[in-house]
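# Geometric and topological summary
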Amino acid sequence: MIKLIQIKDMFRVKKFHLDVREGIHQDRGVPRIYKATGKFSPANKIGEGGFGTVYKAQLENGLTVAVKRAKVDKYDPSLSAVFKNEILTLSKIEHLNLVRFYGYVEHEAELIIVIEYISNGTLREHLDGKCGNGLEIAERLDIAIDIAHAISYLHTYTDPPIIHRDIKASNILLTDKLRAKVADFGFARLGVEDPGTTHISTQIKGTAGYLDPEYLRTYQLTEKSDVYSFGVLLVEIITGRRPIESKKRLDERVTTRWALKRLNDGEAVVAMDSRLGRSVGSIQAVEEVLKLARQCLAPSRQSRPSMRKCAEVLWGIRKEVREISSLSNAASSSSFHTANLIETHQTKSLQSLFGIEGSDSLMFVSL
Ligand SMILES: Nc1ncnc2c1ncn2[C@@H]1O[C@H](COP(=O)(O)OP(=O)(O)OP(=O)(O)O)[C@@H](O)[C@H]1O
């Protein structure tokens, strides 16, 4: 029988470790996953990553899930290592803005992870216009805040902290209500447990364009490497561009460098995604988000804010945008009111001038 670890069970870490140590040889789990995915039918395929293929599946109990099937290669054990790492990390976490883990199957050559199915594509697909109707500034801010909450949770509220190491727009899944869920924990690492230690020394993992230069140089990994990637992601959210745009002019190829130059030259609006509506609120938000990105992208990790601080700054920006938009709504409705008053006044004056009354007079005025 497929082992679908219930959410409440996932926190019995001891039980999970036992499962991992002994392995779960669920010979009957595989047929059930075969059935749920239509024998891994291409029609049910929803994505392909470097380490496996993702399928949409319907379990017997009616639950729709995403099934990630590892590309198991006996000559390349690193593939299954990435998968097992993802299982281990997913089993330790639960947060509204992280993709939910249901269970896994390991049997002979099959290694399968069963996770929550998120229906609305990735953030990158939305920014590319392949999904959805284009994201407005308020939606982009909400998404950035959701991601900041998810990473803050990983850094602050798990013990030991978890460093994701692959924060990028294609790893952010969106729900129908445009809530963001961080996915893909294949590269995640447990952070330092000992308060006297500042970093972990480890080989470089991640995606080009999002990688912390200090980690690249020193092989020292801390939570601040995720903060750096989050800074790249913020620039991506604001500009709509990918971190590396190889077809652009030389000075525009590295998006963070180009966007921060625009910010430093006092023309942040130039870096704003052309699909974003221009308003006082959105332009101000773009500038403020780029300022936060600039801090996240500081060359030295000590100068970067914590993810918690990033979330707080983003809350402040969202609050300002809401205030500006409600003020401008109030102003436009009050100017509408004033215009109405003027028109009524003019109507009355004209009525008295021409000695006419009723709806004809209104027609006359509107002519
Ligand atoms: N839980 C899910 N619900 C819906 N779609 C998903 C889910 N997980 C992944 N996908 C889809 O499958 C694609 C591949 O996901 P996967 O995590 O395997 O790789 P990736 O992050 O795109 O690439 P890589 O692992 O090489 O960085 C995603 O881009 C997404 O479109």
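Residues numbered from 1 in each chain as written. Predicted model: local features only at pLDDT ≥ 70, side-chain atom pairs only at ≥ 80, totals over all residues. Heavy atoms only, no water.

Let us now look at helix α9 (residues 255-264). Most of α9 sits out of view: 7 of its 10 residues are buried. If you check which residues of α9 are buried, you get T255, T256, W258, A259, L260, R262 and L263. In this structure, the buried residues of α9 make contact with α8 (223-239) and α10 (280-296). Phi turns positive, to about 75°, at G266, one or two residues after α9. (Buried < 20%, exposed > 50% of the residue type's maximum accessible area, 1.4 Å probe, protein only. Helix = DSSP H or I, 4+ residues; strand = E, 2+ residues; numbered from the N terminus. Contact = heavy atoms within 4.5 Å.)

The next subject is the confidence of the model for the protein. Averaged over all residues, the pLDDT of the protein equals 82, while 80% of them reach at least 70. Low pLDDT, under 50, characterises residues 1-27; the predicted model gives this stretch 59 contacts beyond four residues in sequence or across chains. Of the regions scoring below 50 in pLDDT, residues 341-367 engages in 11 contacts with residues more than four places distant in sequence or in other chains. Here the predicted complex scores 0.83 on pTM and 0.95 on ipTM. (pLDDT = per-residue confidence, 0-100.)

A water-sized probe, rolled over the atoms, reveals where empty space remains. Roughly 820 Å³ of internal volume is contained in the largest pocket. Along the walls of the largest pocket sit 37 residues, with V54, T122, S170, N171 and L173 positioned nearest its centre. Of all the elements in the fold, those that place two or more residues in the lining of the largest pocket are β1 (45-48), β2 (52-58), β3 (64-70), α4 (77-90), β5 (110-116) and α5 (123-127). By residue class, the composition of the lining of the largest pocket is 12 nonpolar, 13 polar and 12 charged. If you count residues domain by domain, the lining of the largest pocket takes at least three from each of domain 1 (7-116) and domain 2 (123-322). One number sums up the size of the second largest pocket: a volume of about 220 Å³. Elements represented by at least two residues in the lining of the second largest pocket include exactly α8 and α9. Partitioned by chemical class, the residues of the lining of the second largest pocket number 10 nonpolar, 2 polar and 1 charged. (1 Å grid on protein atoms, 1.4 Å probe; cavity = no way out; pocket = protein on both sides within 12 Å on 5 of 7 lines; lining within 4 Å. Points joined across faces, edges and corners; volume = space filled by probe spheres on them. Nonpolar A, V, L, I, M, F, W, Y, C, P; charged D, E, K, R; others polar. Domains from an automatic or database assignment.)

With that settled, consider the sheet that holds β2. An order of β1-β2-β3-β5-β4 is seen for the 5 strands of this open sheet, with the pairing classed as antiparallel. The sheet is open, and its two edges are formed by β1 and β4 (101-107), each paired on a single side. Each neighbouring strand pair of the sheet contributes to a mean axis angle of 20°, computed without reference to strand direction. Strand direction decides the pairing type here: β3 and β5, joined by 5 bridges, are antiparallel. Note on β5: the bridge partner recorded for V65 is E116. (Pairing = 2+ DSSP bridges. Axes fitted to C-alpha atoms, helices over the stretch in contact; angles between N-to-C directions.)

Taken as a whole and assessed by the stated rule, the structure comprises 27 salt bridges. The partner of E236 in a salt bridge is R124, and the shortest N-O contact between them spans 2.9 Å. With E236 in helix α8 and R124 in helix α5, this pair connects stretches of sequence that are 112 residues apart. Overall, E236 belongs to the buried group, its relative accessible area being 1%. For E323, the salt bridge goes to K319, with nearest N and O atoms at 3.4 Å. (Salt bridge = Lys/Arg side-chain N within 4 Å of Asp/Glu carboxyl O.)

Bringing the packing of aromatic side chains into the picture now. The relation between two aromatic rings is expressed through the spacing of the ring centres and the mutual angle of the planes. Within this structure, the stated rule accounts for 3 aromatic pairs. Residues Y34 and F40 carry aromatic rings whose centres are separated by 5.3 Å and whose planes lie at 75° to one another, so their mutual orientation is edge-to-face. Residues F51 and F187 carry aromatic rings whose centres are separated by 5.6 Å and whose planes lie at 85° to one another, so their mutual orientation is edge-to-face. Of this pair, F51 sits in the loop between β1 and β2 while F187 sits in the loop between β8 (180-182) and β9 (189-190); the two residues are 136 residues apart in sequence, bridging distant segments of the chain. (Phe/Tyr/Trp six-rings, centres within 6.5 Å; stacked < 30°, edge-to-face > 60°.)

This next bit is on the environment of T207. Summarising the element assignment, T207 is placed in the loop between β10 (200-201) and α7 (213-218). Considered as a pair, T207 and D166 are 41 residues apart in the sequence and their alpha carbons are 6.4 Å apart. Those residues within four positions of T207 in sequence are excluded, and the remaining contacts are D166 and K168. Side chain to side chain, T207 and D166 meet in a polar contact 2.6 Å long. Polar side-chain contacts of T207 include one of 3.2 Å to the side chain of K168. (Polar contact = N/O pair within 3.5 Å; in protein donor to acceptor, adjacent residues only side chain to side chain.)

The next thing to look at is the site of the ligand. The local shell around the ligand holds 20 residues, among which G50, E116, I118, N171 and D184 are the closest. Measuring from a nitrogen atom of the ligand, one finds a backbone N or O atom of E116 at 2.7 Å. A distance of 3.0 Å separates an oxygen atom of the ligand from a polar atom in the side chain of K168. The protein chains hide 85% of the 610 Å² of surface that the ligand would expose on its own. Comparing atom positions with the cavity grids shows the ligand to sit within the largest pocket. At the level of elements, β1, β3 and β5 are the ones that each hand at least two residues to the shell around the ligand. The leading source of residues in the shell around the ligand is β1, at 3 residues. Of the residues that constitute the shell around the ligand, the class distribution is 8 nonpolar, 6 polar and 6 charged. When residues of the shell around the ligand are assigned to domains, at least three fall in each of domain 1 (7-116) and domain 2 (123-322). (Near = heavy atom within 4 Å. Areas by Shrake-Rupley, 256 points an atom, 1.4 Å probe, with all protein chains shown as cover. Sits in = over half its atoms within 2 Å of the grid points.)

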